[in-house]
Amino acid sequence: MKRVRRSLALVVCVLMTWSVAAQEKRGRTFVDAIEQPIVGDPQLSPDGRQILFTIDKADWKANRRIGHIYRINADGTNQVQLTFGERGEGSPRWSPDGKLVAFTTRRDPDTNNQIYLLSVDGGEARRLTNHPTAAANINWAPDGKSIYFVAADDKTAEEKQKDTVRDDVYAFEENNFKQRHLWTTNLDGKTTRITEGDWNVSGYELSADGKRIAMQRTTSPLLEFSDRTEVWVMDANGSNAKQLTSNKVPDGGASLSPDGSTVLFTSGSNEAGDIYYNDKLFLVPAAGGPAKILLPNVDYGVENAQWSKDGKAIYFTANMGTHNQVMRVTVATKEAAQLTRGDHAIGNWNFAEDNGLHVFTLNSFDRPSEIYTMAPGASPRRVTSVFDEDMAKFKTARQERITWKGQDGVTIEGLLTYPLDYKPGTRYPLIVQTHGGPAASDRFGFSTENQVYAAKGYAVLRPNYRGSTGYGDKFLRDMVNGYFKQAHLDVLAGTDAVIAMGVADPAKLVKMGWSAGGHMTNKIITFTDRFKVASSGAGAANWISMYAQSDHREFRTPWFGGTPWQANAPIDLFWNNSPLKDVSKVKTPTIFLVGEQDPRVPMPQSVEMYRALKSNGVPTHLYVAPREGHGWAELRHRLFKLQIEMEWFEKYINNRAYVWEKVPGDETKDAPKVTTTAPQQ
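The rules behind the values
- Residues numbered from 1 in each chain as written.
- Predicted model: local features only at pLDDT ≥ 70, side-chain atom pairs only at ≥ 80, totals over all residues.
- Heavy atoms only, no water.
- Helix = DSSP H or I, 4+ residues; strand = E, 2+ residues; numbered from the N terminus.
- Buried < 20%, exposed > 50% of the residue type's maximum accessible area, 1.4 Å probe, protein only.
- Contact = heavy atoms within 4.5 Å.
- Areas by Shrake-Rupley, 256 points an atom, 1.4 Å probe, with all protein chains shown as cover.
- Lys, Arg positive; Asp, Glu negative; His and termini not counted.
- Charge placed at Lys NZ, Arg CZ, Asp CG, Glu CD.
- Expected span 1.5 Å × (residues − 1).
- Pairing = 2+ DSSP bridges.
- Salt bridge = Lys/Arg side-chain N within 4 Å of Asp/Glu carboxyl O.
- 1 Å grid on protein atoms, 1.4 Å probe; cavity = no way out; pocket = protein on both sides within 12 Å on 5 of 7 lines; lining within 4 Å.
- Points joined across faces, edges and corners; volume = space filled by probe spheres on them.
- Nonpolar A, V, L, I, M, F, W, Y, C, P; charged D, E, K, R; others polar.
- Core = buried A, V, L, I, M, F, W, Y, C linked by side-chain atoms within 4.5 Å.
- Axes fitted to C-alpha atoms, helices over the stretch in contact; angles between N-to-C directions.
- Parallel < 35°, antiparallel > 145°, perpendicular 65-115°, else oblique.
- pLDDT = per-residue confidence, 0-100.
- Polar contact = N/O pair within 3.5 Å; in protein donor to acceptor, adjacent residues only side chain to side chain.

Undergrad: How should the overall build of the protein chain be read in this particular structure?
TA: Along its length, the protein chain carries 13 helices and 36 strands. Overall size of the protein chain, expressed as C-alpha extent along the three principal axes, is 90 × 80 × 65 Å. Across the 681 residues that make up the protein chain, the buried fraction comes to 54%. In the protein chain, the proportion of contacts linking residues at least 24 apart, taken out of those at least 6 apart, comes to 53%. Element-wise, carbon and sulfur atoms account for 49% of the exposed surface of the protein chain, whose accessible area totals about 31100 Å². If you average the places of the 81 positive and of the 79 negative side-chain charges in the protein chain, the two averages end up 6 Å apart.

Undergrad: Got a minute to help me understand helix α13 (residues 635-654) in this structure?
TA: End to end, α13 covers 27 Å across 20 residues, agreeing with the expected 28 Å (1.5 Å per residue, within 8%). Burial of α13 is extensive: 14 of the 20 residues sit out of reach of the surface.

Undergrad: Explain helix α8 (residues 516-527) to me, please; I cannot follow it from the model alone.
TA: Residues spaced three or four apart along an α-helix point in a common direction, a consequence of the helix completing one turn every 3.6 residues. Given a rise of 1.5 Å per residue, twelve residues ought to cover 16 Å, and the 16 Å separating the end C-alpha atoms of α8 matches this to within 8%. Taken together, the buried positions of α8 are A516, G517, G518, H519, M520, T521, N522, K523, I524, I525 and T526.

Undergrad: I keep staring at the pairing of strand β23 (residues 324-330) and nothing clicks. Help me out?
TA: On a regular strand, one side chain projects to one face of the sheet and the next to the other, so that they alternate. Burial analysis of β23 places five of its seven residues in the buried class, the great majority of the element. Here strand β22 (residues 313-319) runs beside β23; their pairing, made up of seven bridges, is antiparallel. Bridge pairing in β23 places F316 opposite M327. Here β22 folds back onto β23, and the loop between the two strands holds four residues, one of which, G321, carries a positive phi near 90 degrees. The pairing of β23 with strand β24 (residues 335-338) spans four bridges and is antiparallel. Counted as the bridge partner of R328 is A337 from β24.

Undergrad: Could you clarify how one ought to interpret the pattern of salt bridges in this entry?
TA: Note on pairing: side chains with opposite charge can pair once their charged atoms come close. For the structure on display, the rule yields 33 salt bridges. Between R87 and D108 there is a salt bridge, with the nearest N and O atoms lying 3.2 Å from each other. Of the two residues, R87 sits in the loop between β4 (80-81) and β5 (89-94) while D108 sits in the loop between β6 (100-105) and β7 (114-119), which places them 21 residues apart along the sequence. Accessibility expressed as a relative area gives 31% for R87, which makes it partly exposed. A salt bridge links D666 to R636; the nearest nitrogen and oxygen atoms lie 2.9 Å apart. Of this pair, D666 sits in the segment after α13 while R636 sits in helix α13, placing them 30 residues apart in sequence. Since its relative accessible area comes to 13%, D666 is described here as buried. Because the salt bridges share partners, they merge into one network encompassing R367, E370, R382 and D388.

Undergrad: What is the right way to read the layout of surface pockets from this model?
TA: To find the voids left in a structure, one rolls a probe of water-molecule size over its atoms. One number sums up the size of the largest pocket: a volume of about 2100 Å³. Forming the walls of the largest pocket are 48 residues, and the residues nearest its centre are Q43, N139, E205, Q306 and N350. When contributions to the lining of the largest pocket are tallied by element, the ones reaching two or more residues are β1 (38-44), β5, β9 (136-140), β13 (200-206), β17 (251-256), β18 (262-269), β21 (301-307) and β25 (345-352). For the lining of the largest pocket, the residue count by class is 21 nonpolar, 20 polar and seven charged. F446, S447, T448, E449 and R462 are, among the 48 residues lining the second largest pocket, the residues nearest its centre.

Undergrad: I keep staring at the nonpolar core and nothing clicks. Help me out?
TA: Across soluble globular proteins, you tend to see nonpolar side chains buried next to one another. Ranked by size, the top nonpolar core spans 72 residues in total, and within it L430, Y453, W543 and F649 carry the most contacts. Discounting chain neighbours no more than four positions away, the residues touching Y453 are F30, I431, Q433, Y458, V460, M512, L642, E645 and M646. Listed in part, the 15 residues of the second largest apolar core include L283, I314, F316 and V329.

Undergrad: Sorry if this is basic, but what is going on with the sheet that holds β23 here?
TA: Working definition: the strands of a sheet are paired by backbone hydrogen bonds and lie parallel or antiparallel to each other. Here we have four strands laid out as an open sheet, ordered β21-β22-β23-β24, and antiparallel in their pairing. Every other strand in the sheet has two partners, leaving β21 and β24 as the edge strands with one partner each. Along the sheet, successive strands turn relative to each other by an average axial angle of 30 degrees, direction set aside.

Undergrad: Would you explain the packing of helix α7 (residues 487-500) against α8 in this entry?
TA: Any two packed helices are characterised by how steeply their axes cross, that is the angle between the axes, and by the distance between the axes. Direction vectors running N to C along α7 and α8 enclose 75 degrees, while the axes themselves pass 10 Å from each other. It follows that α7 is roughly perpendicular to α8 by the angle criterion. Residues A487, H488, L489, V491 and L492 of α7 touch α8, and the partners they reach there are M520, K523, I524 and F527. Looking at the contact of α7 with α8 residue by residue, the class counts come to seven nonpolar, one polar and one charged.

Undergrad: What should I look at first to understand the pairing of β1 in this one?
TA: Burial of β1 is extensive: six of the seven residues sit out of reach of the surface. Note that β1 and strand β2 (residues 50-59) share five bridges and pair antiparallel. Counted as the bridge partner of I38 is D56 from β2. Connecting β1 to the antiparallel partner β2 that follows it, the hairpin turn spans five residues, and G48 within it adopts a positive phi of roughly 75 degrees.

Undergrad: Where do I start with the confidence of the model for the protein chain in this structure?
TA: Low-pLDDT stretches of the model should not have their predicted coordinates read in fine detail. When pLDDT is averaged along the protein chain, the result is 93; 95% of the residues meet or exceed 70. Of the regions scoring below 50 in pLDDT, residues 1-21 engages in zero contacts with residues more than four places distant in sequence or in other chains.

Undergrad: Whenever I open this one, the side chain of R443 confuses me. Can you help?
TA: Among the secondary structure elements, R443 is positioned in the loop between β31 (428-434) and α5 (448-455). Beyond its immediate chain neighbours, meaning those up to four positions away, R443 contacts E303, N319, G321, T322, H323, N324, A345, L415 and R462.

Undergrad: Can you walk me through the environment of T245 in this structure?
TA: Among the structural elements, T245 can be located in the loop between β16 (242-243) and β17. T245 sits 46 residues away from A291 along the chain, and the two C-alpha atoms are 7.3 Å apart. Among all residues touching T245, those that are not within four sequence positions of it are E230, V231, D251 and F265. Within the structure, the side chain of T245 is placed 3.3 Å from the side chain of D251, a separation counted as a polar contact.

Take a look at the structure:
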């Protein structure tokens, strides 16, 4: 009997051990980071009872992310997947009566994205449009009888014939693109063109009664011409079009007031039409007149905005640096009230006033973006639970906001992610990661990549250096007439602050960043040799050559006080702010990464830095991703980037080899074959 009891006790002990092991959390890997789902585009049903949304997931076989449409009750129950197409679906939109869901997808035999309709009662989706080019930016008319969409003009028969025989020489930035225009389709699939001409629709919104449209028009769909965007209004059939702005700055988010008298829009400019300001909320009479800033003396930047039903107030989200919040401003008094509070980033926001619910995604440091609703006067309430399994499976590193003083005494803030299982008094390697833009800001939120760095024993600092948004125009415009005045000094001061906290090891500093973060990396390695290793993604080397190479110059003109090709060009300012000018000083081993088709910071910029370092005997490599533009989208490319950087960091920070993760499904491809031989008798 004793022997039996001992056996039972042993079994119970083993089972308990297995149970504890099964529940033990672990740190994330890079594959985990790439495979993390993305929740987005929440749409509340007209009756306020259900929400449509999308979940994008990694598909290693397709080598890209694929999204599908889901539905969930507004109380968080009964989540179901509605679509299952091989290429994925997006842009779900309820019909005004709540009986149909419109979405876009490409299914056989489609040659591009079309609009499909799905009954909420179930069944197969039916294709609504058979447009020659992809349909996008879909919106139901308020009466539910038609759907508006934007699509590029089709090629002419002559152009198609020339393509067939490869007689396809084109005039650069003149006829190698097609303008995008507004169309509508009825529920039988009959399409009607609303706008036409040698100009481009970059955005639009129907009025509440569906009779008029506010839109942004520009001369071309190319980013090069985004500074020529203007606000227009017209009747819903395209007639009586009237231009409301002529400011030659990028405008967005145009929306008619409920009474049709006023149009709101946002623009990163002042009333005089000068560019490079935090985005501001403008109001302009729909009959014509000067556009005025509603809130001229606030430090935050205005993001998405919408009218209240009575037109007396405007709801919007405000960029406040490391966080953003939902706000409400009374138009008559210009009194603004903050409706949300917390260390989070809010996205995909809209206010369904008929149902009294704000709907949005909310991203915090300890939980990736989920869908939330919020009633007036209440706190946000989480609806989805997409990441419950992840939260139970993985450890999460702590993130906090820290502040420090810049060289000139100005307060700078940033986000510090601690290593997993951080032990006070122990110093860790520090990755200093600078954001892109630079007119942007790093905000509280769940960064899967930084969670992996934390799991590997690194702290991560993301500083909102001078030139970031959400801190007022003076802070943002520090880069005007000279890009690197305080920005790089702010980054170095933040690094010193983390060292002073006792968190960072001053002998184990890493610098990395992409786009403007790459510009900063290139500057830092030419300014100091304190960083032991660096990675520069799509960074500028030479602002003079970069000016003409890039498809985006609107910010670079104010940065350097003009163009390189004007009379009396400010060439010295361009060159003195170019990392290439001081590249002979670089001692930091640095790798460079760039997309082969990057139009924003083209490959030659990385080539210039790489060849300079290589010629000067500094350890370096340049990695080029075929088919990629400014951001790498293919999953294998993204995984390569993360791992080649970590291999580089580990080599120079910890003097150890990095073991590469395998793409799921590739684990057995290189494994040695195992053969078994029966023992001889």
